[in-house]
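# An overview of the molecular structure
Below, each chain spelled out in residue letters.
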Amino acid sequence: MDMLLDEPISSLNGVGKKRTALYNKLGLYTANNLLYYFPNRYINCCNPLNISQAIIGEKCCICATVLKTKKPYVKSSKMIIYTAHGIDTDKNNIDIVFFNNIYSFKSLKIGQTYLFFGKIEGNILSKQIINPMIIRPNEANLIPIYSLTSGLTSKMISSNVKQALKLIDNKQHYLPKNLTDKYCLIDFDLAIQNIHFPKSEQHLRKAKHRLIFEELLYWQIGIQLIKQKKTIKTTKKLKCLDLNPFLNNLDFQLTSSQKNVINDCISDCLKDFPMNRLIQGDVGCGKTVVAAAITFLFAKSKMQVAIMAPTDILARQHFKFFFKTLTPLGIKVNMLVGSLRLKEKSNIQSDLQNGAVDVIIGTHSLFQEKTNFKNLGLVITDEQHRFGVEQRKKLTEKGNFPHKLVMSATPIPRTLALIIYGDLDISNIYELPAGRIPVQTVHIPSSKRTRAFSYIKSQIQKNHQAYIVCPAIEDSEKNVESVVKYTQKLKQNIFKNYNIEMIHGKMTGTEKDFLMQKFLNGEIDILVSTTVIEVGVDVPNATTIMIENAEFFGLSQLHQLRGRVGRSNIKSLCILVSNATKNETQKRLKIMCDTNDGFEIAEEDLKIRGPGDFFGNKQHGLPNFKIANIIEDTKLLKICKEEAENILLADPKLELKEHEKIKNNVLQLFSNDNCIL
Ligand code: ADP
Ligand code: MG
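Throughout what follows, the structure given in this document is the object of discussion. Just so you know, the residues in each chain are numbered from 1, in the order the chain's sequence is written. Following the order in which they are written, the chains are lettered starting with A and the ligands numbered starting with 1. With pLDDT at 70 or above as the cut-off, local features in this predicted model cover only qualifying residues; side-chain atom pairs require 80 or more to be listed or tallied, and sums for whole chains, interfaces and linings still use all residues. Only hydrogens and water are set aside when side-chain values are computed; all heavy atoms of the structure are taken into account.

### Notes on the overall build of the protein chain
Numbered from the N terminus, helices here are DSSP runs of H or I no shorter than four residues, and strands are runs of E no shorter than two. Secondary structure summary: the protein chain contains 23 helices and 21 strands in total. Only protein chains enter the calculation, and the probe is 1.4 Å; a residue is then buried if its accessible area is under 20% of its type maximum, exposed if over 50%, and partly exposed in between. Per-residue burial for the protein chain yields a buried fraction of 52% across its 677 residues. Taking the contacts inside the protein chain whose residues are at least 6 apart along the sequence as the reference set, 72% of them involve residues at least 24 apart. As displayed, the protein chain has an accessible area near 32,100 Å², and 51% of this comes from carbon and sulfur atoms. By definition, residues are in contact when any of their heavy atoms lie within 4.5 Å. Computed by Shrake-Rupley with a 1.4 Å probe, the accessible areas treat only the displayed protein chains as cover when residues are assessed.

Right under this line is the structure:
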């Protein structure tokens, strides 16, 4: 019977060439696709408004009896206006107007009462409802509204869905009975029926519950299958375990969190299976030195290490740190970034191939086909939210399953992380290095900018440095002053006698590197910048960061930017300049002023932006959920994680007949990636 559901969408009544194209535009190709195209909201028709209460300019639901229909008005060859006249129980009048829609118009019967949902126009004396959806009073109370593309209406979709619903085979078991019993899940067909045409709010809740459960369960099964696949054995075990030469060479003591994380990694790399670990820690907690410690052990164990950074600046900065700390210990460190000359690149590449380089630090160019390794033992990805899953995979494919270490400065709540990164083990760095003073954050309107500038001057007098961040490189962007003009103005006026420079993303790597080095050396007092400094940049002497038009930045981004200061024992200040009055912006800026805790900020950011935006486009391998929401449905998520484990424990490859449907759905969710099984 399921075959029917796989039929092309055009086999449904009323779906011709034109509508098929529209459905395709929405990614809908089969009847089954359509069934999974859930409404994004519902109109509640239980309490229609009295016409006198219907607000002009807004969409609402009214109840009216059709008194008469008027003669169609031919406005032009392309526009015919059909109007009916209606009245409600309080004798309020309304015109029911359809543009070019003779079908809806003709469906109205004089003397009949209907619910109409649509936009109200006109004035208090003479109201119209424009192109309304017509609902017969005996129809469902909650009317589905779908996200549309021009040319399609929710009504069209509804009528096609109704047909598709008839194709579902009731007898088929979609989930094992023990699960449906245990969690009071209604049958699949009932759930699908009620997600589109809920009989009541309660039916809708139950339908959602069942469908969310299903979606999360399939996802968890998929993730766990991927995890199981980690059965590839490795011979790349650490041989050198003596960290002392490295530690003795450092000019600070590691925090106990740092030590714990290093130990987690070491024990991973002694096992038979490749390490796959995520290090989470707030900005400034010192993830780089942890990476360097592990790198040291690998190099001393005669294995190569590749470190990927998301930006040129960061790659260069890491290079300096690794070079400084590892070279004296007899380890050869080099850098591979996009801006190198071809000749230099190919030299480094051959060094990697013949083993003359132990540690390579780079940006994306590391993934290029030509780069091969002699004996790649470990891949470290820094600030991983910038990298796609695909890119990570590409690099690890090169090294014949090396160990993997991922570092993220966008911490997410631990329970969530465990579930999302089902395939990664997680270590957290909870503390900042001793002696750090939390950065103070203030929010000011632009009228107080001069005072902020004075503060910056006073800091420079004390030999400290400052960042000023602007949202746009060029004028046209975002309707704000460009970083170029802004810097010019500061140079000519208020900071005439200071060393002030500008850095932005359109400069070449060498230019950026030159400026960052000058800033690090203290030759620049104020660095005006775009978000190129957002990730990872480490200049401990910088104590002030002023962020212009702070409303343009997301919470996590602001937190990252703020993390550029407070990297030493000197008190630091973050100044958010914004005149934005929007409630949401105010809330965001207040959170920034109230807390320095990256976990808390990430949680808020997730809530505000939703998982899709927060994690970026498919970056984290999160599927596009149709109905589940990993933030709101955490309780169910936990349950589904456990049940997924149970199912796979009993049937590791989903070979049992009762799991056939599950298997198909899991494969579908993971884009038919057969590798997961
Ligand atoms: P992040 O975790 O944000 O990447 P970094 O690795 O850039 O942080 O470290 C921030 C700064 O703190 C660097 O200057 C680093 O050298 C320093 N640092 C790291 N660990 C310690 C420590 N245990 N004690 C003192 N300073 C440290
Ligand atoms: Mg970092």
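Let's pick the thread back up.
### Some words on the side chain of Ser529
Considering the arrangement of structural elements, one finds Ser529 in strand β19 (residues 526-529). Excluding residues that lie within four positions of it along the chain, Ser529 makes contacts with Ile468, Val469, Cys470, Val483 and Ile503.

### Considerations on the nonpolar core
By convention a nonpolar core is built from buried Ala, Val, Leu, Ile, Met, Phe, Trp, Tyr and Cys residues, the set being connected through side-chain atoms within 4.5 Å. Counting residues in each nonpolar core, the largest one holds 58 residues, and the members touching the most others are Phe213, Leu216, Leu217 and Ile221. Contributions of two or more residues to this core are made by α2 (17-25), α3 (31-35), α5 (154-165), α7 (188-196), α8 (201-228), α22 (634-650) and α23 (660-669). Every residue in contact with Ile221, bar those within four places of it in the chain, is listed here: Ala644, Ile647, Leu648, Leu654, Ile662 and Val666.

### Remarks on the packing of aromatic side chains
For Phe, Tyr and Trp, rings pair up if their centres lie within 6.5 Å, where Trp contributes its six-membered ring, and each pair is then called stacked (planes under 30 degrees apart), edge-to-face (over 60) or tilted (otherwise). Scanning the model with the defined rule gives twelve aromatic pairs in all. Summarising the aromatic geometry, the rings of Phe319 and Phe323 are spaced 5.5 Å apart at their centres and angled 45° between planes, so their arrangement reads as tilted. You can see Phe319 and its partner Phe323 sitting in helix α12 (residues 312-326), four residues apart, about one turn around the helix. Classification of Phe319 by relative accessible area gives buried; the value is 17%. Of the residues examined, Phe323 reaches a relative accessible area of 39% and is grouped as partly exposed. Clustering of aromatic rings is evident, with ring pairs tying together Tyr36, Phe38 and Phe188. A ring is considered to have a charge above it if a Lys NZ or an Arg CZ atom is located within 6 Å of its centre and within 35 degrees of its normal. Above the plane of the ring of Phe197 lies Lys162, whose end atom (NZ or CZ) is 5.0 Å from the centre. Taking the ring centre of Phe495 as reference, the NZ or CZ of Lys457 above it sits at 5.7 Å.

### Describing the packing of helix α11 (residues 287-300) against α12
To obtain an axis, a line is fitted to C-alpha atoms, over the contacting stretch when the element is a helix, and the angle between two such axes runs from 0 to 180 degrees between their N-to-C directions. Look at α11 against α12: their axes get within 11 Å of each other, and the N-to-C directions meet at 50°. With respect to α12, the element α11 is oriented oblique. Our pair here, α11 against α12, has a crossing hand that is right-handed. Residues Thr288, Val289, Ala291, Ala292, Thr295 and Phe296 of α11 form the contact with α12, whose own contacting residues are His318, Phe321, Phe322 and Leu326. Asp, Glu, Lys and Arg are counted as charged, while Ala, Val, Leu, Ile, Met, Phe, Trp, Tyr, Cys and Pro are counted as nonpolar; the rest, among them Gly, fall into the polar class. Counted by class, the contact of α11 with α12 contains seven nonpolar, three polar and no charged residues. By the definition adopted for this analysis, an angle is roughly parallel if under 35 degrees, roughly antiparallel if over 145, roughly perpendicular if from 65 to 115, and oblique otherwise. Definitions for this section: a left-handed crossing has its near helix turned counterclockwise from the far helix by less than a right angle. A right-handed crossing has that turn clockwise.

### Comments concerning the site of ligand 1
Taken together, 16 residues lie around ligand 1, and Gln253, Gly284, Lys287, Thr288 and Asp538 are the ones closest in. Gln253 is positioned with one of its backbone polar atoms (N or O) 2.8 Å from a nitrogen atom of ligand 1. Polar contact is the term for a pair of N or O atoms within 3.5 Å; when the atoms are in protein, one must be able to donate a hydrogen and the other to accept it, and sequence-neighboring residues count only if both atoms are side-chain atoms. In this structure, an oxygen atom belonging to ligand 1 sits 2.6 Å away from a side-chain N or O atom of Asp538. Calculation on ligand 1 without its partners gives an accessible area of 570 Å², and the protein chains cover 87% of this total. A cutoff of 4 Å decides nearness: a residue is near a molecule or strand if any of its heavy atoms lies inside that distance of it.

### Digging into the sheet that holds strand β9 (residues 276-281)
An order of β11-β12-β10-β13-β14-β9-β15 is seen for the seven strands of this open sheet, with the pairing classed as parallel. Each having just a single partner strand, β11 (333-336) and β15 (425-429) make up the two edges of the open sheet. Neighbour-to-neighbour, the strand axes of this sheet turn through a mean angle of 20°, independent of strand direction. We call two strands paired when DSSP finds no fewer than two bridges between them. Pairing between strand β10 (residues 304-308) and strand β12 (residues 359-362): four bridges, direction parallel. Bridge pairing links Val305 to Val359 in β12. Strands in contact with helix α10 (residues 256-268) are β9, β14 (403-408) and β15; relative to β15, the strand with the most contacts, it is inclined by about 160°.

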